[in-house]
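A look at the structure
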Amino acid sequence: MQDISQFYPLLNTPKKAVITMHQKPDGDAMGSALGLYHFLVALGHEVQVISPTNWADFLDWMPGVKTLIDYERNREKALKIIEATDWLFCLDFNVLHRTKHMEKPLTEAKCVKILIDHHEQPQVAAFDYGISITSKSSTCEMVYDFIMASGHAQLLDTTMAQCLYTGLMTDTGSFRFPATTASVHRAIAHFKDLGLDHRQIHEEIYDNFLESRLRFIGYALLNRMEVVYEYNTAIMYITHADLHKFDIKTGDTEGLVNYLLTIKGIRFGAICIDRDEERKWSFRSKGGFDVNTFARKHFEGGGHFNASGGRSSDSLENTVLKFKQVIKEYQNQLQ
Ligand code: 5GP
Ligand code: MN
């Protein structure tokens with residue numbers, strides 16, 4: 001993988017570009033993809049964003065979202081575009097299997113592949129150009145840096161700023177996680193100078209749910225949470241029936257895991273959701289407990305030091321039992 005700076009000169013010749021991100025894109029994946037989309041369009045390229053799966057309703061306000069292709073719903077059209085593209089940008093993930101059913105076509109695609117990402121342990125051999133910085137707050141911050149260093153910084157506008165602000169806000173937990181550096185605040189100041197209305201974005205993302213989702217959270221906190229003080233760990237599990245009962249959709253469970261860390265003394269929060277094809281874990285920690293390594297070692301996952309995810313194909317009950325067994329190995333680290 002060559003350094004991303006080697007790619008900047010290529011931006012001057014109009015090309016076909018595909019931008020993709022991890023399955024079930026969150027605010028950072030969607031924001032970085034759309035921010036880059038508007039920048040490449042402004043440079044005169046022909047650009048298509050393809051999401052591996054659907055996404056949460058609270059991202060549907062984002063500028064350009066209506067142009068997206070959902071690979072699971074429109075596979076044939078997406079495959080034709082992937083086959084014809086010159087460039088493939090991979091944002092907010094670093095191993096191709098995180099694009100679910102797109103892994104094979106993306107692996108086989110003959111185009112130039114470019115990585116922009118902040119997760120641990122990138123699959124660098126899969127990319128021609130790229131940048132991977134795990135200390136970065138968000139992929140949106142990295143797309144901002146890309147635009148600033150590309151030689152076309154003057155093209156940054158409020159539309160791009162809206163997209164990039166979204167991921168900067170969501171991936172930093174509204175600017176409170178340790179990766180919220182001075183350069184994050186400088187980027188936001190730049191967006192404000194361009195005229196960005198940040199209040200509108202906050203409302204679109206955080207104040208846009210149905211009543212049933214709030215009742216679901218209350219139900220889950222009351223009935224589905226266990227606190228293991230011995231290991232300073234809190235666990236939550238959500239059954240398939242729970243999801244059905246409250247009509248829970250993509251994105252409705254996002255952020256639920258963060259409640260676990262609000263309990264005094266809790267250093268490790270884990271939530272397991274019984275999805276159709278798999279049991280999906282979200283892990284969060286405070287301080288020195290490395291949930292990226294934990295997810296890789298025990299639950300086929302990965303991510304960041306303090307925020308990661310994983311999966312299991314076993315039953316919900318067995319998956320949660322396994323979790324309770326394996327945390328015993330970490331008693332020293334968790335105390
Ligand atoms: P979340 O819990 O919000 O789904 O994910 C937390 C972080 O871990 C995100 O940065 C996400 O991209 C990453 N992540 C979630 N699930 C997986 C997974 O199965 N594999 C890897 N490598 N990363 C994941
Ligand atoms: Mn991210």
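The rules we used
- Residues numbered from 1 in each chain as written.
- Chains lettered and ligands numbered in written order.
- Predicted model: local features only at pLDDT ≥ 70, side-chain atom pairs only at ≥ 80, totals over all residues.
- Heavy atoms only, no water.
- Donors = N, O, S within 2.8 Å, 3.2 Å for Na, K, Ca; no water.
- Helix = DSSP H or I, 4+ residues; strand = E, 2+ residues; numbered from the N terminus.
- Contact = heavy atoms within 4.5 Å.
- Core = buried A, V, L, I, M, F, W, Y, C linked by side-chain atoms within 4.5 Å.
- Buried < 20%, exposed > 50% of the residue type's maximum accessible area, 1.4 Å probe, protein only.
- Near = heavy atom within 4 Å.
- Polar contact = N/O pair within 3.5 Å; in protein donor to acceptor, adjacent residues only side chain to side chain.
- Areas by Shrake-Rupley, 256 points an atom, 1.4 Å probe, with all protein chains shown as cover.
- Nonpolar A, V, L, I, M, F, W, Y, C, P; charged D, E, K, R; others polar.
- Domains from an automatic or database assignment.
- Buried area = accessible area lost by both parts, 1.4 Å probe.
- Salt bridge = Lys/Arg side-chain N within 4 Å of Asp/Glu carboxyl O.
- Pairing = 2+ DSSP bridges.

**A few points about the coordination of the manganese ion (ligand 2)**
Every protein donor of the manganese ion (ligand 2) is accounted for by Asp-28 (OD), Asp-92 (OD), His-118 (NE2) and Asp-171 (OD), and the metal-donor separations fall at 2.1 to 2.4 Å. In terms of primary sequence, the donors binding the manganese ion (ligand 2) are separated according to D-x63-D-x25-H-x52-D. In this pair, His-118 is assigned in the loop between strand E6 (112-117) and strand E7 (129-132) and Asp-171 in helix H5 (residues 158-171), connecting sequence segments 53 residues apart.

**Describing the environment of Phe-89**
With respect to the secondary-structure elements, Phe-89 resides in strand E5 (residues 87-91). Sequence separation between Phe-89 and Leu-261 is 172 residues, and the spatial gap between their C-alpha atoms is 34 Å. If sequence neighbours within four positions are ignored, Phe-89 has contacts with Phe-7, Ala-17, Val-18, Ile-19, Thr-20, Leu-36, Leu-40, Ile-114 and Phe-146.

**A word on the nonpolar core**
Ile-19, Phe-89, Phe-146 and Phe-191 are the most contacted members of the largest nonpolar core, which has 53 residues in total. If one sorts the elements of this core by residue count, helix H1 (residues 27-42) sits on top with eight residues. Here Ile-19 is in contact with Ala-33, Leu-36, Tyr-37, Leu-40, Val-47, Gln-48, Val-49, Ile-50, Phe-89 and Leu-91, once residues within four sequence places are set aside. Judged by nonpolar contacts, the second largest core, of 20 residues, contains Ile-235, Phe-268, Leu-316 and Tyr-330.

**Focus: the site of ligand 1**
Taken together, Arg-98, His-119, Lys-280, Ser-282, Arg-284, Gly-301, Gly-302, Gly-303, His-304, Ala-307, Ser-308 and Gly-309 make up all the residues around ligand 1. At 2.9 Å, a side-chain N or O of Lys-280 approaches a nitrogen atom of ligand 1. Take Arg-284: an N or O atom from its side chain is 2.8 Å from an oxygen atom of ligand 1. Protein burial of ligand 1: of its 500 Å² of free accessible surface, 82% is covered by the chains. Elements that contribute at least two residues to the shell around ligand 1 include exactly strand E11 (279-285), strand E12 (302-303) and strand E13 (307-312). Tallied by class, residues from the shell around ligand 1 come to one nonpolar, eight polar and three charged.

**Focus on the domain arrangement of the chain**
Looking at the assigned domains, one finds that the chain contains domain 1 (2-206) and domain 2 (211-334). Look at where the C-alpha atoms of domain 1 and domain 2 centre, and you get two points 27 Å apart. Across the domain 1/domain 2 interface, buried area totals approximately 1000 Å², and carbon plus sulfur atoms make up 46% of it. Summed over the three residues of domain 1 that lose the most area to domain 2, namely Phe-58, Glu-120 and Gln-121, the buried surface amounts to 36% of that side. On inspection of domain 1 and its partner domain 2, the count reaches one salt bridge. Linking Lys-100 and Glu-277 is a salt bridge whose minimum nitrogen-to-oxygen distance equals 3.5 Å. The interface formed by domain 1 and domain 2 includes eight residue pairs in polar contact (both at pLDDT 80 or more).

**A few points about the pairing of E13**
Examined bridge by bridge, E11 and E13 share six bridges and lie antiparallel to one another. Bridging from a neighbouring strand, Trp-281 pairs with Gly-310 of E13. Here E12 pairs with E13 via two bridges, running antiparallel. In the strand pairing of E13, Gly-303 is matched with Ser-308. Hairpin remark: E12 followed by E13, antiparallel, with three residues in the connecting loop.

**Focus on the pairing of strand E9 (residues 233-238)**
Taking burial as the measure, the six residues of E9 include five buried ones, the bulk of the element. When strand E8 (residues 225-228) meets E9, the two strands line up antiparallel, connected through four bridges. From the neighbouring strand, Val-228 faces E9, where its bridge partner is Thr-233. Between E8 and E9, which pair antiparallel one after the other, the connecting turn spans four residues, and Asn-232 there sits at a positive phi close to 50°. When E9 meets strand E10 (residues 268-274), the two strands line up parallel, connected through six bridges. Counted as the bridge partner of Ile-238 is Ile-273 from E10.

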